Amino acid sequence: MKALRNGTSIEERALPVLPPEEFRRAVLRGAEGGRIVAFFGRPLGEGVRLYAVLADDAAGTLAALASDVGDRFLSLTPDCPQAHNFEREICEQHGVHMEGHPWLKPLRSHAAPYSFFQVEGEEIHEVAVGPVHAGLIDPGHFRLQCHGEKVLSLEIHLGYQHRGVEEALENGPDKRAALLAECAAGDTTIGHALAYALAVEALSGSIAPPRAQAIRAIALELERVANHVGDLGALGADIGFLPTAAWFGRLRGEFLNLLATLSGNRYGRGLIRPGGVLCDVPAQLADDATRRLSRARDELRQVAGLFFETSSVRSRIEGTGVLTRQECNALALLGPAARACGTPRDVRRDHPPPGASAPPIPVAIAMTGDVFARSHVRWMETQHSLEYLIEGFRALPAGAIRAACGPPAPGRLAVSLVEGWRGEIAHVALTGEDGRFARYKIKDPSFQNWTALTLAMRGTQISDFPLCNKSFNLSYAGHDL
Amino acid sequence: MAMPENVRGRPVIDTGRCPDGCRACADACPTDAILVDGGPGSARIDLGRCVFCRDCVEGCPEGAITYGRDHRMASRTREDLALSEGVKLAAALERKMLKLLGRSLKLRHVSAGDCSACTAELQALGNVVFDLARFGVQFVASPRHADGLVVTGPVTQNMRLALEKTWKAVASPRLVIAVGACAISGGPFRGLSAVHDGVESVVPVDLFVPGCPPHPLTLLDGLLRLLGRIEDSPR
Ligand code: SF4
Ligand code: SF4
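Residues numbered from 1 in each chain as written. Chains lettered and ligands numbered in written order. Predicted model: local features only at pLDDT ≥ 70, side-chain atom pairs only at ≥ 80, totals over all residues. Heavy atoms only, no water.

Tell me about the environment of Glu381 of chain A, and please be specific about residues and values.
Residues and elements named next belong to chain A. By the element assignment, Glu381 lies in helix H13 (residues 371–394). When its relative accessible area of 1% is taken as the criterion, Glu381 is described as buried. Here the alpha-carbon distance between Glu381 and Leu169, two residues 212 residues apart in the chain, equals 33 Å. Aside from chain neighbours lying at most four places away, what touches Glu381 is Arg224, His228, Pro336, Arg339 and Ala364. (Helix = DSSP H or I, 4+ residues; strand = E, 2+ residues; numbered from the N terminus. Buried < 20%, exposed > 50% of the residue type's maximum accessible area, 1.4 Å probe, protein only. Contact = heavy atoms within 4.5 Å.)

Following this line, the structure appears as structure tokens:
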């Protein structure tokens, strides 16, 4: 199998194209010691070419392989649950029937009526929520099968935000492509813009200058901190512990505002482009940022102390929405959700981008897999990121912020991974003979992690739903694309 | 009030600098937000399509386009967002409507396919910094309790029905506020087959708030203008 590293590309001709049965075995083998990063299709001739990208996190390597299939494929999911959503997507997008898949329902399409899983029996009742929710959030539909207050099963029906992002990127890159990447998931603008830039750079054989890389890394951590802090506040609100909700909420704004000072936009729109970044960090801004960050760090310690040391908060989040390590590994969960189950998976450490020089940020781990673990991992990560940021602004390398980035080379496949605040973002770009994108595949970590929310909810109380949901805070937009 | 330092406010074109027949900015714009439909110096920016990306600033050889720090840009009609002298800021609702609303405005949010950044800025309006509730404006959990809708996103095919139903569930007279480039024109998703290119193609709109996403100050300004709490001449 062809080994490649994060942010590099290979010739598509060099890809092993295996017969379906062999391909199937190779993916199963790869998923056993490692995991599936991406698994998708592309129409080719009469049939469909399936592509799989596998990761070996310990070795820091990736492998890509392909197989040409007709309209059927023997599903991997019964042997390998992490293939679940990938296979549903392939079936939906390319009409490849996944034989033996236990749950082959539409993932995004609303073309046909959707049949929900139902539990029957005395005193069983169903709770339906969404797509228009009570609060200010994105659209999705949830069905809970309950016995009294107890949740037996949760099913999540998504697709309401399907805009057609991947399709719109086909035949790119064009002048809209970077914007589309930025708003694949709007709260992860930096993560997706960076993955896009790395993919295009990998295809054109260019590399961003060290200063640009440092600014990108800073923006990525600012985005992480803003979201983690915001979610801790949202958890406070759902618990009804309002002082922390207000305080975390204000501090979230500090980080967004810093990102805005850096890039001109609170979400970092227009900062990262192939070749580098569009905004430099003047010395005064760096000094100012260091001061602002140190102040925010001190305040955060106080409010996080209040949150995590209040016994009524602890009793509400400890033991709630537990995921086991086995479940985590079977689904190959990503980001804080995985790290809260004791799985130390982190792209920043395992698959650093090309040219990275700074030592990686420590990986935060918790063992209990509950709402407490997920929120505590996020608090630990916030602290690590803050240290990194304060040092990063102090020690910015000198030099240019942008290098020339030519057009993508034809007939290549590039993979880029970024540890966004929710976990691993993967972009896989394939160019045709004309150098244009023949397929552009985006995976937001939510795509893999939504299933974890349904598992975490089993056997809990219905009133635990907001807490569980908030502790993951998955993206609807990033899933629906 | 002005935008915080470095934040991109309303873009301005100094058309006096535009050479004859130049379309460099329009060609650079990824959302076709720049209209050059008349003779020389006719270039103007449609703020309903603009995503504030600055590609036009880089694309203009004359340095004619700059970002101002003006956060005010909400308007009452779609056309008012694309004027050569900037934008015609929103006028207050008519008296009768204002009287009906009294001192409070209750809004229901419908995310109709937004990327989630517009939603996040609406959430931010509720924090202790912007504190929308102090103006009597509140987001409510049901359309039955609402005076109107705030809609974000281009309206995906998959959200159309839900938007229509939610709109019908609000008692008349009802308001609709379109927030962000997507909700106004489709934004970066304009023309894609899975979306409707904006709220207006599904329900009538009373206030358009440009941005990608709009800064909370822009949102606040638009809402308060609609309620007649701010009235000043356009800058
Ligand atoms: S800033 Fe607005 S007008 Fe200028 S290129 Fe971007 S979208 Fe177009
Ligand atoms: S207008 Fe911009 S920020 Fe708002 S939903 Fe559309 S892409 Fe996202």
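Please provide a residue-by-residue account of the site of ligand 1, values included.
Surrounding ligand 1, one finds 14 residues, the nearest of these being Cys29, Cys50, Cys53, Cys56 and Tyr67 of chain B. Residue classes in the shell around ligand 1 are distributed as 11 nonpolar, 1 polar and 2 charged. (Near = heavy atom within 4 Å. Nonpolar A, V, L, I, M, F, W, Y, C, P; charged D, E, K, R; others polar.)

Can you break down the interface of chain B and chain A residue by residue, with the values?
Listed by partner, the interface residues are 54 residues for chain B and 47 residues for chain A. Taken together, both faces of the contact between chain B and chain A bury some 3700 Å²; the carbon and sulfur share is 55%. The interface formed by chain B and chain A holds 2 salt bridges in total. The residue Glu58 of chain B makes a salt bridge to Arg402 of chain A at a minimum N-O spacing of 4.0 Å. For the pair chain B and chain A, the number of links is 24 residue pairs in polar contact (both at pLDDT 80 or more). Going through the elements one at a time, helix H1 (24–28), helix H2 (55–59), strand E5 (105–111), helix H4 (117–124) and helix H5 (160–168) of chain B are the ones with two or more residues in the side of chain B that touches chain A. Broken down by element, the side of chain B that touches chain A gets its largest block of residues, 7 residues, from H4 of chain B. When grouped by side-chain class, the residues that make up the side of chain B that touches chain A number 29 nonpolar, 14 polar and 11 charged. (Buried area = accessible area lost by both parts, 1.4 Å probe. Salt bridge = Lys/Arg side-chain N within 4 Å of Asp/Glu carboxyl O. Polar contact = N/O pair within 3.5 Å; in protein donor to acceptor, adjacent residues only side chain to side chain.)

Residue-level account of the packing of aromatic side chains, with values.
The full count for this structure, using the stated rule, is 16 aromatic pairs over all chains. On the numbers, 6.4 Å between centres and 65° between planes, the contact of Phe39 of chain A with Phe73 of chain A is edge-to-face. Here Phe73 of chain A lies in strand E6 (residues 72–74) and Phe39 of chain A lies in strand E3 (residues 35–44), a separation of 34 residues in the sequence. Seen from their ring centres, Phe308 of chain A and Phe372 of chain A are 6.2 Å apart, and the 80° between their planes marks the pair as edge-to-face. Of this pair, Phe308 of chain A sits in helix H8 (residues 283–309) while Phe372 of chain A sits in helix H13, and the two are 64 residues apart along the sequence. Here the two residues Phe308 of chain A and Phe372 of chain A agree in accessibility, since each one is buried. By way of ring pairs, the aromatic residues Phe142, Trp450, Phe465 and Tyr476 of chain A are connected into one cluster. Directly above the ring of Trp103 of chain A sits Lys105 of chain A, whose terminal nitrogen or CZ lies 4.0 Å from the centroid. Positioned above the aromatic ring of Trp167 of chain B is the side chain of Arg174 of chain B, whose terminal nitrogen or guanidinium carbon lies 3.7 Å from the ring centre. (Phe/Tyr/Trp six-rings, centres within 6.5 Å; stacked < 30°, edge-to-face > 60°. Lys NZ or Arg CZ within 6 Å of the ring centre and 35° of its normal.)

How would you summarise the pairing of strand E5 (residues 61–69) of chain A if you had to cite specific residues and measurements?
Regular strands show a simple pattern: their side chains alternate between the two faces of the sheet. Counting buried positions along E5 of chain A gives 7 out of 9 residues, so the element sits mostly inside the fold. In sequence, strand E4 (residues 47–56) of chain A turns back onto E5 of chain A through a hairpin of 4 residues, with Gly60 of chain A there showing a positive phi of about 70°. (Pairing = 2+ DSSP bridges.)

Describe in detail the pattern of salt bridges, supporting the description with residues and values.
A side chain of one charge can pair with a side chain of the opposite charge when the charged atoms of the two come close. Residues and elements named next belong to chain A. In total, this model carries 49 salt bridges over all chains according to the counting rule given. Lys470 is the salt-bridge partner of Asp238, the closest N and O atoms lying 2.7 Å from each other. Of this pair, Asp238 sits in helix H6 (residues 210–239) while Lys470 sits in helix H15 (residues 465–472), and the two are 232 residues apart along the sequence. One salt-bridge network, in which partners are shared between bridges, spans Glu221, Arg224, Arg339, Asp346, Arg348, Glu381 and Glu419.

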